[in-house]
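Descriptive structure summary
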Amino acid sequence: MKCLRDEMEIVNAYELVGSYRGAAALCGTTAKTVKRVLERRAAGQVGRRPSPARVRNTAAMAELIRQKVRASDGRISAKRLLPVARTAGYVGSTRNFRRAVAEAKASWKKQRRTYRPWVPVPGQYLVIDWAEEAGQNVFCAVLAWSHVRFVRFGPDQTRPTTLALLAECFEELGGVPEVVLSDRMGCLKAGVVANVVVPHPEYVAFATRFGFRPDFCEGYDPESKGLVENLCGYVQTDLIVPALLEQDWSDLATANAAARNWCTEVNQQIHSEIAAIPAERLVSERQVMRPLPTQRPPLRTGEQRKVEKRGSIRFGSARYLVPKTLVGEWVDVVAQEHQVVISYAGAEVIRHDVKGPGEVAFGDLADPDRRPARGIRPRTATEIAFIGLGPSAEVFLRNAAAAGTLRLEHELAGIVELVAVWSREAVIGALERASRFRRFKASDVRAILEAGPGLPKAVRAGQQLVLDLPMVPVRSLSAYALVQGALP
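Residues numbered from 1 in each chain as written. Predicted model: local features only at pLDDT ≥ 70, side-chain atom pairs only at ≥ 80, totals over all residues. Heavy atoms only, no water.

Core analysis: the biggest nonpolar cluster contains 30 residues, and L126, L166, F170 and F212 have the highest contact counts within it. Only β1 (125-133), β2 (136-143), α7 (159-173) and α8 (201-210) provide two or more residues apiece to this core. With 7 residues, α7 is the single largest residue contributor to this core. Excluding residues that lie within four positions of it along the chain, F212 makes contacts with L166, F170, V176, P177, E178, V180, Y203, F206, A207 and R290. Counting 25 residues, the second largest nonpolar core, distinct from the first, contains V179, C232, A243 and A259. (Core = buried A, V, L, I, M, F, W, Y, C linked by side-chain atoms within 4.5 Å. Buried < 20%, exposed > 50% of the residue type's maximum accessible area, 1.4 Å probe, protein only. Helix = DSSP H or I, 4+ residues; strand = E, 2+ residues; numbered from the N terminus. Contact = heavy atoms within 4.5 Å.)

What follows concerns the pairing of β2. Counting buried residues along β2, 8 of its 8 residues qualify, which places the element largely inside the surrounding structure. What you see with β2 is no split at all: Q136, V138, C140 and V142 on one side and N137, F139, A141 and L143 on the other are buried throughout. Taking the residues between adjacent antiparallel strands as the criterion, β1 and β2 are bridged by 2 residues, where A134 takes a positive phi near 55°. Sheet topology places β2 next to strand β3 (residues 149-154); 6 bridges connect them, and they run antiparallel. Considered in β3, the bridge of F139 is made with R152. If you look at the hairpin formed by β2 and β3, you'll find 5 residues sitting between the two strands, and H147 has a positive phi there, around 60°. (Pairing = 2+ DSSP bridges.)

It is worth spelling out the sheet that holds strand β8 (residues 303-306) at this point. Within a sheet, adjacent strands bond to each other through the backbone by hydrogen bonds, running parallel or antiparallel. The 4 strands lie next to each other as β8-β11-β12-β13, forming an open sheet whose pairing is antiparallel. The open sheet has two free edges, formed respectively by β8 and β13 (347-353), since each of these has just one partner strand. Across this sheet, the average inter-strand angle for adjacent strands is 30°, counted without regard to direction. Relative to β13, strand β12 (residues 339-344) runs antiparallel, the two being bridged by 6 bridges. (Axes fitted to C-alpha atoms, helices over the stretch in contact; angles between N-to-C directions.)

Attention shifts here to the side chain of R184. Its place among the elements puts R184 in the loop between β4 (179-182) and β5 (189-193). Within the buried core, R184 has no salt-bridge partner, and the shortest N-O distance to an opposite charge, that of E218, equals 4.0 Å. Within the local environment of R184, its side chain forms a polar contact with the side chain of N195, the two groups lying 2.8 Å apart. There is a polar contact of 3.0 Å between the side chain of R184 and the backbone oxygen of C217. Aside from chain neighbours lying at most four places away, what touches R184 is K189, V192, N195, V197, F216, C217, E218 and G219. (Lys, Arg positive; Asp, Glu negative; His and termini not counted. Salt bridge = Lys/Arg side-chain N within 4 Å of Asp/Glu carboxyl O. Polar contact = N/O pair within 3.5 Å; in protein donor to acceptor, adjacent residues only side chain to side chain.)

What follows deals with helix α9 (residues 226-246). Quick reminder: α-helices carry 3.6 residues per turn. Residues three or four places apart thus point the same way. In this model α9 runs 29 Å from its N-terminal to its C-terminal C-alpha over 21 residues, within 8% of the 30 Å that 1.5 Å per residue would give. Its maximal kink placed at Q236, α9 deviates by approximately 30°. Among the residues making up α9, those that are buried are V228, L231, C232, V235, L239, I240 and A243. Of the surrounding secondary structure, the elements contacted by the buried residues of α9 are β1, β2, β3 and α10 (252-267). (Expected span 1.5 Å × (residues − 1). Bend = angle between axes of the 7 residues up to and from the residue.)

Our focus in this paragraph is the packing of helix α2 (residues 20-27) against helix α3 (residues 31-42). Direction vectors running N to C along α2 and α3 enclose 105°, while the axes themselves pass 8 Å from each other. In terms of axis orientation, α2 runs roughly perpendicular to α3. Between α2 and α3, the contacting residues are Y20, R21, A23 and A24 on the first element and A31, V34, K35 and L38 on the second. Considered class by class, the residues forming the contact of α2 with α3 number 6 nonpolar, no polar and 2 charged. (Parallel < 35°, antiparallel > 145°, perpendicular 65-115°, else oblique. Nonpolar A, V, L, I, M, F, W, Y, C, P; charged D, E, K, R; others polar.)

Next up, the structure:
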């Protein structure tokens, strides 16, 4: 391709000699080149011809690469992404694909959010969060300026538990910070309107009582509270995992005792970020924190209900049974998800599944043998003597009445007379057998007594008897075949 200077020399040479060959000889080129230069000049094209736009073979995969790089926060490699692109139809070389991924990563780094250091103010922020490891619910809190850490274990992640542990955190810190920052916990929020979190009324009342302002992070953005996220990971690796390897905690009190010892240990060590001991910085930070309220009423653990004489409480138009020992006492009732938790004196008593209006929740307190029945009250001397034979006589009387036995009082009198002839134990045994085979006459009981102990006792079929019999020689059936002798 000739430059502008060469083209000018070719044009001047042609005007001088007037032929393609002569101009080519003067300029050191070919006649065809001279002809093409003059034709472009005549068409108004000066300089190099515009090269056609070349489309890269990775252009079809640009959107796929961009999505994967964004989803992995720029950490995915071209080696891992290449099989996905091959499946999507990429047929280019590996080198071109690596270049496309590198360009996408560079573009993502320019667009990604940038971090700025957070300069906390003493006594301003307390960051809280829940973590879960090996079935343990861990409540974590850290002061932003002094980096004092607070860790406790809870039975669940409900609102009463969260507020109770937060109050305990304030007690241990010896003051109340200005703001409590948390993520959008379902137990602390009542809703979200236009990305503005509406805190739960109980949380607002709690914050008003202690004098702090509740604040919430952005949704699905744990990086905005990385201070407590780091503490959650530290607790999982340094407290819970070693305890699981050595010995597991037997109960919640033991786990919280280990958490207190762990907090005392880490708060007395030099923090790598601030190069100071958090416990010593807390002494100066406590001076600017808000004092604890002088009169702090106990936190409500639920709605109070009085146990009725039937051993149940009424909650949500349904009845829930509690142990009979709590009749007349006041208990706390909390509805958690799909269960109703009943507590007494701060300790959980029983849990029931939620029931609809008018239903009754028995739980483990149900008595399968309890059925509505009329009490037996003997009046005559014959009735008193017969019922005196014990439970077998009561069963006989109920079954006989249900069978419609006529002149039942006369039959009972005849059975009582048999006690003087036979022993009490023999008559009771005969009554049990007569009830089993539905024979309710005095003559039937007398016949059973006269038959004596030789009567067979019907019992349920037992297990199959397995005997280890000895092995005996056997012969095939062909040995028993009739063999017809040969005729002479």
